[in-house]
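# Reading the structure
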Amino acid sequence: MADREHLLTTLEMARFVARGFLRFDAIVPAALNERFLEEVESGLPPFAPAGTPLARCYEGSAVAEIVRLPRVEGVIESLVGPNPRFDHQGVHFNPPASVFEAQGHRVLAQHTHQDSTIDPRTAFDLQLMYFPHEVTPEMAGTRFIPGTHLRVVSEMACARYQNVVGQQKVVCPAGTILALHHGIWHGGEVNRSDRTRFMLKLRLAPTVRQCRLWNTDDLGPEMSAPQPIFDPTRMFDPDPKDVQSILCRPEPWFELDTGRLEFINRIRLWRHLLGDEDFDAHHWMTRLENVPPGVERI
Amino acid sequence: MTGRQRVLILYLADSSLESGVVAWAQYDGTGERTHMSGDADQPPYPTGLDALLDGWRLFQFAPLRPEPPGHEFRTSYLKYEFAFEKWIEADG
């Protein structure tokens, strides 16, 4: 079990629910990054069968120590509980594009996609992307689109969306970890550097109901209290500091109408994580659920 | 001389061509340019109308459909897809 101080805060959890990711720069110490890179030079990390408890997957490997780092363990536990199951790993080696171009191949970035397949669950899996070395702009790591994680699509079917306003590309120091909701749209960029790019992706599944697994010490009643809505001081705050405003902050690619559906779906997920079906943010659910006595729902 | 097609697909913020571009894709049948995922962070035009004004011909747009009962709140693919083309004269 992670120490409480290493768990996510309520605001961090709300940001994960709203945007589908959290980023932790240089969270893995340099010595461990170097050890991981030395290990992958001589062979891939061990492949455990799907469904194996994470704690039994990487004995003796640098990866075992990485997932036991106190803050990493706290992030994992906050999102998928204390004993997650290992689903699979992806060890991404991306040699320089020039290697393939010299062989006459056309090099294209990986299409934007959602992993696995159509997945309409409320429960979610966690994907950790670990970048063991610095990723420079020329190396161009993973591209992802914040806020796409609650869209129910069929894997590569969204490949046509070459570029989306607000997309991010991972340029980061060594030892950075991205914690992603399984549904986030992403793809690998073309490596224009002269060095092979490495990234380890781990997919982890919860074994407990994902309810208040984070550090809820900062969870006060004011987070659920009704607020003024369409308040410009909250609507246009680029970094809101309360749960409701975080859940109702649009991404730049949001369509005007479905952006509101995104708010509703975020609120539904937050209700699930909070274990409170009365929670609302900026009145979106309360308005829809208001059926006065004697009135039949259409 | 024969024609080669350039295709521009814009995803807009609502069903009006005057609304802002939120996503896009480009394919160049002339072979002069290679477009790919992640190759630009700024859209080629601020709105769909701006593409028309620059000479792109609209050949398809997404119909408006009511959400199926029971799935009113499900979000999925981008809704407001507008496909444009330009024909470029080329040899061969």
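Report follows, based on the coordinates. Please read all numbers here as calculations on a predicted model, not as lab measurements. (Residues numbered from 1 in each chain as written. Chains lettered and ligands numbered in written order. Predicted model: local features only at pLDDT ≥ 70, side-chain atom pairs only at ≥ 80, totals over all residues. Heavy atoms only, no water.)

### Section: the overall build of chain A
To be explicit about the condition: Here a helix means four or more residues in a row that DSSP labels H or I, a strand means two or more in a row labelled E, and each is numbered from the N terminus. Only the C-alpha atoms count toward the radius of gyration. The rule for a globule is 2.2 Å times the residue count to the power 0.38. The buried label applies to any residue whose accessible area, calculated with a 1.4 Å probe on protein chains only, is under 20% of its type's maximum; exposed applies above 50%, and partly exposed to all values in between. By the convention used here, residues are in contact when the closest approach between their heavy atoms is within 4.5 Å.
A tally of helices and strands in chain A yields 9 helices and 9 strands. Compactness check: chain A gives a C-alpha radius of gyration of 20 Å against a globular reference of 19 Å for 298 residues, within 12% of the reference. The dimensions of chain A, computed from C-alpha atoms along their principal axes, are 70 × 45 × 35 Å. In chain A, which comprises 298 residues, the proportion classed as buried is 55%. Partitioning the intrachain contacts of chain A with sequence separation of at least 6 by distance along the chain shows that 84% fall at a separation of at least 24.

### Quick notes on the sheet that holds strand S1 (residues 21–24) of chain A
All names here are of chain A. Going by this rule: When DSSP finds two or more bridges between a pair of strands, those strands are recorded as paired. Axis angles are defined between N-to-C directions and span 0 to 180 degrees, where every axis is a line fitted to C-alpha atoms and, for a helix, only to the segment in contact.
Pairing in this open sheet of 5 strands is antiparallel, and the strands run S1-S7-S3-S9-S2 from one edge to the other. What marks the edges here is a single partner per strand, and that holds for S1 and strand S2 (85–94). Strand-to-strand twist in this sheet, taken as the mean axis angle between neighbours without regard to direction, amounts to 15°. Sheet analysis places strand S3 (residues 126–131) next to strand S7 (residues 176–181), joined by 6 bridges and oriented antiparallel. Bridged to Leu-126 within S7 is His-181.

### A few points about the nonpolar core
Here is a general trend for soluble globular proteins: nonpolar side chains tend to be buried in one another's company. Rules: Only buried residues count toward a nonpolar core, which is a set of Ala, Val, Leu, Ile, Met, Phe, Trp, Tyr and Cys residues joined through side-chain atoms within 4.5 Å.
Counting residues in hydrophobic clusters, the biggest one holds 76 residues, and the most contacted among them are A:Ile76, A:Leu79 and A:Trp270. Considering each element in turn, this core owes the most residues, 7 residues, to helix H8 (residues 258–274) of chain A. Setting aside anything within four residues of it in sequence, one finds A:Leu79 in contact with A:Leu8, A:Met13, A:Phe16, A:Phe124, A:Leu126, A:Ala179, A:Gln210 and A:Leu213. Core analysis: the second largest hydrophobic core is formed by 13 residues, A:Val165, B:Leu8, B:Val21 and B:Phe82 among them.

### With respect to the side chain of A:Thr112
Heads up, the condition is: As used in this structure description, the phrase polar contact means that two N or O atoms lie within 3.5 Å; if the pair is within protein, one of them must be able to donate a hydrogen and the other to accept it, and residues adjacent in sequence are counted only when both atoms belong to side chains.
Examined against the element boundaries, A:Thr112 turns out to sit in the loop between helix H5 (97–101) and S3. The class of A:Thr112 is buried, set by a relative accessible area of 0%. In this structure the side chain of A:Thr112 is engaged in a polar contact, spanning 3.2 Å, whose partner is the side chain of A:Arg143. What A:Thr112 contacts, discounting residues up to four positions off in sequence, is A:Arg143, A:Ile145, A:Met156, A:Cys158, A:Ala159, A:Tyr161, A:Trp185, A:His186 and B:Ser37.

### Observations concerning the environment of A:Thr207
Residue and element names in this part refer to chain A. When you line up the elements, Thr-207 lands in the loop between strand S9 (197–205) and helix H6 (232–235). Taking relative accessible area as the criterion, Thr-207 reaches 37% and is therefore assigned partly exposed. For the pair Thr-207 and Leu-180, spaced 27 residues apart in the sequence, the C-alpha separation amounts to 18 Å. Thr-207 has contacts with Val-80, Asn-83, Pro-84 and Arg-85, leaving out every residue within four places of it along the chain. At 3.0 Å, the side chain of Thr-207 and the backbone oxygen of Asn-83 are in polar contact.

### Observations regarding the sheet that holds strand S4 (residues 142–145) of chain A
Sheet strands associate in pairs through backbone hydrogen bonding, adopting either a parallel or an antiparallel arrangement. Residues and elements named next belong to chain A. Taken in spatial order, the 3 strands make up an open sheet running S6-S4-S8, and their pairing is antiparallel. A strand with exactly one partner marks an edge of an open sheet, and here the two such strands are strand S6 (168–169) and strand S8 (185–188). The sheet contact formed by S4 and S8 spans 4 bridges and is antiparallel. Across the sheet, residue Thr-142 finds its bridge partner in S8, namely Gly-188.

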